[in-house]
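# Structural characterization, general
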Amino acid sequence: MSNLRWTGVFELYKVYEIGDVVQDTDDGFTYVCVFKTQGYPPSVENSGFEVLSSFIIPTITTIDGGEF
């Protein structure tokens, strides 16, 4: 079972928790949060995010068979 949660388009001032999945419209990548973070774009090194997908996913509802 996956603990990923789709949280939509990245927002600079939102607090992200481990497992939150965001879309960064600046670079078109989708990222997953790996430690609690706020205020750092996902594309920045040590931002708390890792690349999940290298393309924009318009509607994500399941990953690895689990809904989130």
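Residues numbered from 1 in each chain as written. Predicted model: local features only at pLDDT ≥ 70, side-chain atom pairs only at ≥ 80, totals over all residues. Heavy atoms only, no water.

Helix and strand content of the protein chain: zero helices and six strands. Element order for the protein chain, N to C, with α for helix and β for strand: β-β-β-β-β-β. Relative to its full complement of 68 residues, the protein chain shows a buried share of 35%. Residue pairs at least 24 apart in sequence account for 26% of intrachain contacts in the protein chain once pairs closer than 6 positions are excluded. (Helix = DSSP H or I, 4+ residues; strand = E, 2+ residues; numbered from the N terminus. Buried < 20%, exposed > 50% of the residue type's maximum accessible area, 1.4 Å probe, protein only. Contact = heavy atoms within 4.5 Å.)

With that out of the way, let us pick up the packing of aromatic side chains. Taken as a whole, this structure holds four aromatic pairs when the rule is applied. Judged by centre distance (5.6 Å) and plane angle (20°), the rings of Phe 10 and Tyr 16 are stacked. Across the pair, exposure class does not vary: Phe 10 and Tyr 16 are buried alike. An angle of 90° between the planes, with centres 6.0 Å apart, marks the rings of Phe 10 and Phe 49 as edge-to-face. Of the two residues, Phe 10 sits in the loop between β1 (5–9) and β2 (20–24) while Phe 49 sits in strand β4 (residues 49–53), which places them 39 residues apart along the sequence. On the basis of relative accessibility, which here comes to 15%, the residue Phe 10 falls in the buried class. Ring-pair connections join several aromatic residues into one group, and the members of that group are Phe 10, Tyr 16 and Phe 49. (Phe/Tyr/Trp six-rings, centres within 6.5 Å; stacked < 30°, edge-to-face > 60°.)

So, on to the pattern of salt bridges. Evaluated as defined, the whole model comprises two salt bridges. Among the ionic pairs, Asp 20 bridges to Arg 5, the shortest N-O distance being 2.9 Å. One end of the pair, Asp 20, is in strand β2; the other, Arg 5, is in strand β1, with 15 residues separating them in the sequence. Residue class for Asp 20 comes out buried when judged on its relative accessible area of 6%. Overall, Arg 5 belongs to the partly exposed group, its relative accessible area being 35%. Lys 36 serves as the salt-bridge partner of Glu 17, at 3.7 Å between the closest nitrogen and oxygen. Of the two residues, Glu 17 is situated in the loop between β1 and β2 and Lys 36 in the loop between β3 (29–33) and β4; the sequence distance between them amounts to 19 residues. For Lys 36, a relative accessible area of 56% puts it in the exposed group. (Salt bridge = Lys/Arg side-chain N within 4 Å of Asp/Glu carboxyl O.)

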